[in-house]
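These are the residues of each chain, in order.
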Amino acid sequence: MSKVRLITIILFFGLLFTDPFEPLNIDFLKQKSNQHPVSVKKTPPPSKKKAGTLPAYEEIIKDFFLVDGLFSIYWDKEKNKFLMSIKPDQLDEVYLANLTRKSGDGMYYDSGSMLWEFPFIFSRLANTLQLIHINTDFRADQSSAIYKSIQNNLSNSIFATAKIISSPSKDDGAILIDATEMFVRDIGYVSQQRKGKYRFDKSNSYASDLQSYPHNTEIEITAHFISPKWTDSFTLPNSHSMTHVYHISLSAIPETNFSPRLVDDRIGYFSTIYQDYTSTLKETPYVRYINRWDLKKKHPEKSLSEPIKPIVFWLENTIPIEFRAAVREGVLAWNKAFEKIGFKNALVVKQMPDDATWHPGDARYNTIRWIVQPGSGYAVGPSRANPYTGELYDADIRISADFTRAFYREFDEFVHPVIDDNPITLWEEEKHNHAKCEYADNLQDQMILAWHSLTSQGHVDDSPSNLQQYIHDGLVDLVLHEVGHTLGLRHNFKASSVFSIEDLSTPDFTNHMGISGSVMDYHPVSLLDNGNTMFQTQPGPYDDWAIAYGYTVCSNHHYEEDCLESIASQSNDPLLAYGTDEDAFGLSSRGIDPLCNTWDIGGDPILYYSRQLDL
């Protein structure tokens, strides 16, 4: 009998008399087989990577550089790739996205431009991660039945997506996404805006800087655009190629005890607006909060106290040294208005060092930036507010370099405002948009006219020192206006009508009161007192009143409503006259109120323009 048949018989009888509920004794079988091991076919262990299973988190990141923070980033510069780590508790959590164009082409697109901001969540769909823009325009109390209808009838929007490329981390369950896919793209929608001229060139676009901190993650993208034909962008050495840099700031929404404050139409504030469907018994579903900073006294018991957290503006290191004093003066002038309601040093100015490692687009920093857009002298003062409460948290003012260069030109055409006027520009383009302000564009023309008028009539000699002081005061006026926007204030085109032409022609009066009731108007350079006071370099009575409504701590009233009403009810004071963009309708004759105009001063517009024409 062969050995193979013998082993088979032994195995058969061994199995026959073995308890089926007892494990098979392989050692026993080995002994019976005269030490010839039996080849038992074992079930193979499960594969480490089943079909469809994503690679291990730890395996993917081993060759990447870690940038740790709110969202940890893994970066491989050589491969032009970066990954983002998303933890389980970060899914469906609401964060804020803030987009800034750090640099443009100097013609179509300026630098330092705040684009937009919005609340978002990361949501997982199979092996895709969605960055979803949350709709905050329509709301209802979650305990109300109609809340379900809000969810059923109104949509969020997907901003971007990326593939999930790893299985969960063994340490904290985090997953990795291809963040290059999510963020290195036409994030400013240039291809759509310049349709037929430029398209996004992904192969030459990349992440140029990545930073992450405990409460925010900063992503800087260099985006390249190409054109199949020549364009009219004269600022490019070759208009077939255009490069932008975008800064994306992702931040947690800070938990504060900030109290929203309702809008009062007697006073001009930018606002955060939504429709509340919780109650159907209200006259309107609209809820409007003013946009304001969270200022609280460090010492509430004192009549004058520094705030716990002041409003800090950083002067970007691009501002020419010779203009920094004027910019600083324009910011700090607002402290006089805050002192009247009990805040000392509410605004603070700091200088951005040349070796700073943070970016002005970082939402933690309020900046004043100096940009170059040849031939354009303009400035804007946009800000960002919490979409749920109206609390301001970020502001970046930008001033064009040619605003100051313009005074060396001749004023070629005095009738330019007439022949080049688009009467509904402000109405059509601004529409309450605090990112749109045309003050600097026209102020530089006014300053050119006024300077040549003063020097030609002998009221001022054209020495360099006088010209420098003239530009200094003009910058202070401009910065005051733009900082006012970042404090939440809208335009007040009626403020310049509160003083008479006679008063504005008297140096003793203008020395004390200035030339207008508010810095938020569009003022011409006043020549009425022959150059004694030409600019509004201090907050006016309206500005003091508006700041009081927005920032007074109502601790002496049982109800805040009573406190605010006591302030707003002062609107009948002639010095507090208010009219804004939709009241002026730009520069057209559609405005009903003849005193609500741009680029005039005094209570008699006809008399003012008669004197201007005499120039």
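Basis of the calculations
- Residues numbered from 1 in each chain as written.
- Predicted model: local features only at pLDDT ≥ 70, side-chain atom pairs only at ≥ 80, totals over all residues.
- Heavy atoms only, no water.
- Core = buried A, V, L, I, M, F, W, Y, C linked by side-chain atoms within 4.5 Å.
- Buried < 20%, exposed > 50% of the residue type's maximum accessible area, 1.4 Å probe, protein only.
- Helix = DSSP H or I, 4+ residues; strand = E, 2+ residues; numbered from the N terminus.
- Contact = heavy atoms within 4.5 Å.
- Pairing = 2+ DSSP bridges.
- Phe/Tyr/Trp six-rings, centres within 6.5 Å; stacked < 30°, edge-to-face > 60°.
- Lys NZ or Arg CZ within 6 Å of the ring centre and 35° of its normal.
- Lys, Arg positive; Asp, Glu negative; His and termini not counted.
- Salt bridge = Lys/Arg side-chain N within 4 Å of Asp/Glu carboxyl O.
- Polar contact = N/O pair within 3.5 Å; in protein donor to acceptor, adjacent residues only side chain to side chain.

Draft legend 1. The arrangement of the nonpolar core in detail. In this structure, Trp334, Phe338, Leu347, Leu487, Ile547 and Tyr551 are the most contacted members of the largest nonpolar core, which totals 80 residues. By residue number, the principal contributor to this core is helix 13 (residues 464-486), which donates 9 residues. When residues no more than four places from it in sequence are discounted, the contact partners of Leu347 are Ile311, Phe313, Val331, Leu332, Trp334, Asn335, Phe338, Val483 and Leu487. In this structure, Phe82, Phe120, Val184 and Val190 belong to the second largest nonpolar core, which totals 43 residues.

Draft legend 2. Representation of the pairing of strand 12 (residues 241-252). For strand 12, the tally of buried residues reaches 9 of 12 residues, placing the bulk of the element in the interior. The pairing of strand 4 (residues 95-103) with strand 12 spans 8 bridges and is classified as antiparallel. For Thr100, the partnering residue across the bridge sits in strand 12 and is His247. Pairing geometry for strand 11 (residues 216-226) and strand 12, over 11 bridges, is antiparallel. When the bridges of strand 12 are listed, Asn216 appears paired with Ser251.

Draft legend 3. Layout of the packing of aromatic side chains. Counted by the stated rule, this structure contains 24 aromatic pairs. Here the aromatic rings of Tyr95 and Phe120 are separated by 5.9 Å at their centres, their planes lie at 35°, and the arrangement is tilted. Here Tyr95 is found in strand 4, whereas its partner Phe120 is found in strand 5 (residues 113-125), with 25 residues between them in sequence. Judged by relative accessible area, Tyr95 falls into the buried class, the value being 6%. Exposure remark for Phe120: the relative accessible area of 0% places this residue in the buried category. A cation sits over an aromatic face here: Arg139 above Tyr274, 3.7 Å from the ring centre. When the ring centre of Phe159 is taken as reference, the NZ or CZ atom of Arg185 above it lies at 4.7 Å.

Draft legend 4. How the structure looks around the side chain of Asp186. As for its position among the elements, Asp186 is in the loop between helix 5 (179-183) and helix 6 (190-193). No salt bridge is formed by the buried Asp186, whose closest oppositely charged neighbour, Arg185, lies at an N-O distance of 7.3 Å. Side-chain polar atoms of Asp186 contact the backbone nitrogen of Tyr189, separated by 3.0 Å. Side-chain polar atoms of Asp186 contact the backbone nitrogen of Val190, separated by 2.9 Å. In contact with Asp186, other than residues within four places in its own chain, are Ser191, Gln192, Phe200 and Phe225.

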